[in-house]
Amino acid sequence: MSDTRAQTPTLEAPADAPRKPAVPALLTPLGLLTVLLGAALPMIDFFIVNVALPTIDHDLHAGPAMLEMVVAGYGVAYATLLVLGGRLGDMAGRRRLFLWGLAAFGLTSLACGLAPDAGTLVAARVAQGAAAALLLPQVLATIQATTSGKRRARALSLYGGTAGVSSAVGQVLGGLLVSVDLAGTGWRAVFLVNVPIAAAAWLLAARTVPETRSPRPSRVDGPGTALLAATLITLLLPLTEGRAAGWPLWSWLLLAVFPFVGTAFVLVERRAERSGRTPLVPPSLLRIPSVNSGLAMIVPFSVGFGGFMFVVAVALQNGLRYGPFAAGLSLVPLCATFFIASLAGPRLVGRFGRRVVIAGSLIQGAGLIALALTVHASWPGTSVAGLAPSMAVLGFGQGMVLPVLMRIVLSELPVAQAGVGGGAMVTTQQSGLALGVATLGTLFLSLLPSVGIRDALLAALLTQLAIVAGTTALALRLPRSVR
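The paragraphs below set out a description of the structure included in this document. (Residues numbered from 1 in each chain as written. Predicted model: local features only at pLDDT ≥ 70, side-chain atom pairs only at ≥ 80, totals over all residues. Heavy atoms only, no water.)

## Some words on the overall build of the protein
Here's step 1: Along the protein, the regular secondary structure elements total 17 helices and two strands.
Here's step 2: The dimensions of the protein, computed from C-alpha atoms along their principal axes, are 75 × 50 × 45 Å.
Here's step 3: Looking at the 483 residues of the protein, the share that counts as buried comes to 57%.
Here's step 4: Counted over contacts in the protein with a minimum sequence separation of 6, partners at least 24 positions apart contribute 84%.
Here's step 5: Of the accessible surface of the protein, which amounts to about 18,900 Å², a share of 69% is contributed by carbon and sulfur atoms. (Helix = DSSP H or I, 4+ residues; strand = E, 2+ residues; numbered from the N terminus. Buried < 20%, exposed > 50% of the residue type's maximum accessible area, 1.4 Å probe, protein only. Contact = heavy atoms within 4.5 Å. Areas by Shrake-Rupley, 256 points an atom, 1.4 Å probe, with all protein chains shown as cover.)

Take a look at the structure:
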């Protein structure tokens, strides 16, 4: 049974003693570790299948289109429902939704691991993405509502580090699990491993995570929810699935519809806020300078990061003939330096402000240049050790950027909008990751027949370098100092 003390967010003063202020619930170190563990699960699963796709194809005879849907189905459901998940947490209680999300994520992971065919796996991945959308927004909202000052800065930096490291760890862990072939489970282990972790996180959360909710919860914005879902689906689905399906008519029709439903979503949300209702994504959030400038930079950063992780997984396995374990091992230096940089973030940003993000972007660019030179000079004999220095530099630069950006976006959000703001930020990040897989991935795969894997990889790396140059320029719009 859960500890009933953890379910009460505040100790309210009685009516006859109005001068005593409410005492906010505090997130203990173990509670923070628990919510970060819950946050890591959906982030890891966005990437964990990349190195398992060849094995899934072999076992289930999936084919390119189905393999794309294994990735895209999760990503589209995840990105589409994140903001709604944040709103539901504000209304019903963030701890409650966190527990529901963990339970659903564990069950859908089990369904993925037991899937008998490709169609069932795709359906289970869509459900898993929906569970992730229920779970993840509660993490940021809980941190916002139960911490303040230096404790909040530290917690947000750890969240940012978790977000970045988990993405890379997903491919490392996936490669390890597939290569070890636990009890003959093969690729199924990349999903089944979530079940005991989700169960352990559920038990910890029931005792260590305080319940919080918005002091003024509002009803779900039905029209806004439907239009946001339509906007993301009409953009992400054709871009992620269109190439594998041969760019059929439906993919072009969805892309043609995208700007119209996107415009309709903006107009409906503006009208709802002007009329006094609470829209799904209040346009007033984007008028907060830290939110506006931070989200504008998270988009290209996530596009580059998502595309990089996908392209590297394919290039190392198909070009250099790395096994799943070696392909994952090559990312360990990136994971390590990303986490080191994210831990240094609170102290650095307190002293240098936005210059930390600018420096991180420049270091990331240097890492990409070093990686491109390494690939160009040593291919096809490029070793895991040969990739390590450039991967380490790349990860350190990325670790200086993403956690600080997340802290900037959330720094000026009102506590009452913590769930909505956190959901909007993570939706932006996940949509960017999916766009990166679609755009850089499509560029890479389209160039393969004509120029070969090495030059296609170099083209993708140089495209990401151009994206990094753009993010460096956007960093000049960030607030000079960060609270």
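## Some points on the environment of Val76
Here's step 1: Within the fold, Val76 resides in helix 3 (residues 63-92).
Here's step 2: Other than its neighbours up to four places away in sequence, Val76 contacts Ile233, Leu236 and Leu237.

## Notes on the pattern of salt bridges
Here's step 1: Evaluated as defined, the whole model comprises three salt bridges.
Here's step 2: Among the salt bridges present, the one from Asp90 reaches Arg94, with a minimum N-O distance of 2.7 Å. For the pair shown, Asp90 and Arg94 are each scored as buried.
Here's step 3: In this structure, the salt-bridge partner of Asp455 is Arg454, at a minimum N-O distance of 3.0 Å.
Here's step 4: On the basis of relative accessible area, Arg454 is assigned to the partly exposed category, the value being 26%. (Salt bridge = Lys/Arg side-chain N within 4 Å of Asp/Glu carboxyl O.)

## Re a positive patch on the surface
Here's step 1: The grouping of Arg270, Arg271, Arg274, Arg277 and Arg287 at the surface amounts to a positive patch.
Here's step 2: Counting through the fold element by element, Arg274 comes out in helix 11 (residues 249-274). (Patch = residues over 30% accessible without salt bridge, like charges linked within 9 Å, V, L, I, M, F, W, Y side chains within 5 Å. Lys, Arg positive; Asp, Glu negative; His and termini not counted. Charge placed at Lys NZ, Arg CZ, Asp CG, Glu CD.)

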